[in-house]
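# Per-entry structural report
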Amino acid sequence: MKAHTLDHLHALSGRAEESVQRADGPATLDLAQGEALICADEDVPRALGIDDELLRAFIEGNDGPERANEHRVAALLKGLKTPFSFSDAAFISGPLYWGYRKCTIKTIPLVLIGSCLAVASVLYDLLWVVPFIGIFTHFIPWCFFYSVYRARAKRVIQNAREKGFGTEEETIAYIRKRGGTSYPRALFPLVLAIAVIALVVFILL
């Protein structure tokens, strides 16, 4: 009788241990998933092949850490690390901000289309065109600034690596020179818009 009772107790103990292990399984999986989510943001620059230090040098440009606005640098760094994010500065300034951040070539189609739509809305009294002007001058720059900026950062950093500079300081200097900001380039979209509008008006009138 005692042997039967002991066997029964051992069986119950084994079932209890099995139940605990099953209960612990999902908890361990949740912990691993949580760690993966925490590290996801850190994995983005590595997945893109972008080094954090080089990326910061690209954002700061020749200003360097001493003169650069740390709050702005941190915001841009976070935006570049996030797979998809929005830029309030690009929404307010439109293609001008893209030019300011040296994404000049990408502003050309935005300016050309926006300028032509602006002329059409005025000359032909097409009020329904006005929202489309806002799409090309504010909405698209707002949505796609970080995608364009990230692509340019990757290209500049990749070019720096391919040049095979002897020291890391030379590599960073190259990246700083091609990154940062430029006021003349910020004015390029404005000058182009004025030129396009003047040309279209001259042709139509």
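What this report covers is the structure whose coordinates are included nearby. (Residues numbered from 1 in each chain as written. Predicted model: local features only at pLDDT ≥ 70, side-chain atom pairs only at ≥ 80, totals over all residues. Heavy atoms only, no water.)

## Side note on the overall build of the chain
Quick note on the threshold: Per the convention used, a helix needs a DSSP run of H or I reaching at least four residues, while a strand needs a run of E reaching at least two, with both numbered from the N terminus. Three exposure classes are used, based on accessible area relative to the maximum for each residue type with a 1.4 Å probe and protein chains only: buried under 20%, partly exposed in between, and exposed over 50%. In what follows, a contact means two residues having at least one pair of non-hydrogen atoms within 4.5 Å. Only the protein chains shown count as cover for residues, and all accessible areas are computed by the Shrake-Rupley method using a 1.4 Å probe.
Counting its regular elements, the chain contains 10 helices and 0 strands. For the chain, the N- to C-terminal ordering of α and β elements is α-α-α-α-α-α-α-α-α-α. Buried positions account for 33% of the 205 residues belonging to the chain. Once local pairs closer than 6 in sequence are excluded, the contacts in the chain between residues at least 24 apart make up 75%. Counting every atom, the chain has about 13100 Å² of accessible surface; 65% of that belongs to carbon and sulfur.

## Some points on the environment of lysine 81
Our working definition: For the purposes of these results, a polar contact is taken to be a pair of N or O atoms within 3.5 Å, where, inside protein, one atom must be able to donate a hydrogen and its partner to accept one; residues adjacent in sequence count only when each atom of the pair is a side-chain atom.
Inspection of the secondary structure puts lysine 81 in helix H4 (residues 70-81). When the C-alpha atoms of lysine 81 and aspartate 52 are compared, they prove to be 9.3 Å apart, with 29 residues separating the residues in sequence. Of note is the side chain of lysine 81, whose polar atom sits 3.2 Å from the side chain of aspartate 52.

## Observations regarding the pattern of salt bridges
Our working definition: Should a side-chain nitrogen of Lys or Arg be within 4 Å of a carboxyl oxygen of Asp or Glu, the pair is scored as a salt bridge.
Scanning the model with the defined rule gives 5 salt bridges in all. In this structure, the salt-bridge partner of lysine 81 is aspartate 52, at a minimum N-O distance of 3.2 Å. Of this pair, lysine 81 sits in helix H4 while aspartate 52 sits in helix H2 (residues 52-60); the two residues are 29 residues apart in sequence, bridging distant segments of the chain. By relative accessible area, which is 16% here, lysine 81 ends up buried.

## Description of the side chain of threonine 107
Among the secondary structure elements, threonine 107 is positioned in helix H7 (residues 107-123). Here threonine 104 takes part through its backbone oxygen, which lies 2.5 Å from a polar atom of the side chain of threonine 107.

## Here's the deal with the nonpolar core
In summary, soluble globular proteins display a tendency toward joint burial of nonpolar side chains. As a reminder of what qualifies: Throughout this description, the term nonpolar core refers to a set of buried Ala, Val, Leu, Ile, Met, Phe, Trp, Tyr and Cys residues connected via side-chain atoms within 4.5 Å.
Ranked by size, the top nonpolar core spans 28 residues in total, and within it Phe58, Ile59, Leu76, Trp98, Phe145, Tyr149 and Ile175 carry the most contacts. Looking at this core, the elements that each hand over two or more residues are H2, H4, helix H5 (88-93), helix H6 (95-100), helix H8 (130-163) and helix H9 (168-178). The greatest single-element share of this core, amounting to 9 residues, is contributed by H8. Apart from the residues within four sequence positions on either side, leucine 76 is in contact with Ile59, Tyr97, Arg101, Phe145, Tyr146 and Tyr149. Formed by 6 residues, the second largest nonpolar core is a distinct cluster that contains Val119, Leu192, Ala193 and Val196.

## Some thoughts on the packing of H2 against H8
Stated formally: What counts as an axis is a line fitted to C-alpha atoms, over the stretch in contact for a helix, and the angles between N-to-C directions run from 0 to 180 degrees. Here roughly perpendicular refers to angles of 65 to 115 degrees, roughly parallel to angles under 35, roughly antiparallel to angles over 145, and oblique to all remaining angles. Should the near helix be turned counterclockwise from the far one by less than a right angle, the crossing is left-handed, whereas a clockwise turn marks it as right-handed.
Their axes nearest at 10 Å, the elements H2 and H8 cross at an angle of 115 degrees. With respect to H8, the axis of H2 lies roughly perpendicular. Like other packed secondary-structure pairs, H2 and H8 cross with a definite hand, here right-handed. Contacts between H2 and H8 involve Leu54, Leu55, Phe58 and Ile59 on the former and, on the latter, Tyr149, Arg152, Ala153, Val156, Ile157 and Arg161.

## Thoughts on the packing of aromatic side chains
Quick reminder of the rule: The pairing test for Phe, Tyr and Trp rings, Trp by its six-membered ring, is centres within 6.5 Å, and the orientation test on the planes gives stacked under 30 degrees, edge-to-face over 60, and tilted for anything in between.
Counted according to the given criterion, the structure contains 12 aromatic pairs. With a centroid separation of 4.5 Å and 25 degrees between ring planes, the pair formed by phenylalanine 86 and tryptophan 142 is classed as stacked. Of this pair, phenylalanine 86 sits in the loop between H4 and H5 while tryptophan 142 sits in helix H8; the two residues are 56 residues apart in sequence, bridging distant segments of the chain. Tryptophan 142 sits in the partly exposed class, given a relative accessible area of 24%. An angle of 85 degrees between the planes, with centres 6.2 Å apart, marks the rings of tryptophan 128 and phenylalanine 132 as edge-to-face. You can call tryptophan 128 exposed: its relative accessible area is 57%. Ring-pair connections join several aromatic residues into one group, and the members of that group are Phe58, Tyr97, Tyr100, Phe145, Tyr146, Tyr149 and Tyr183.

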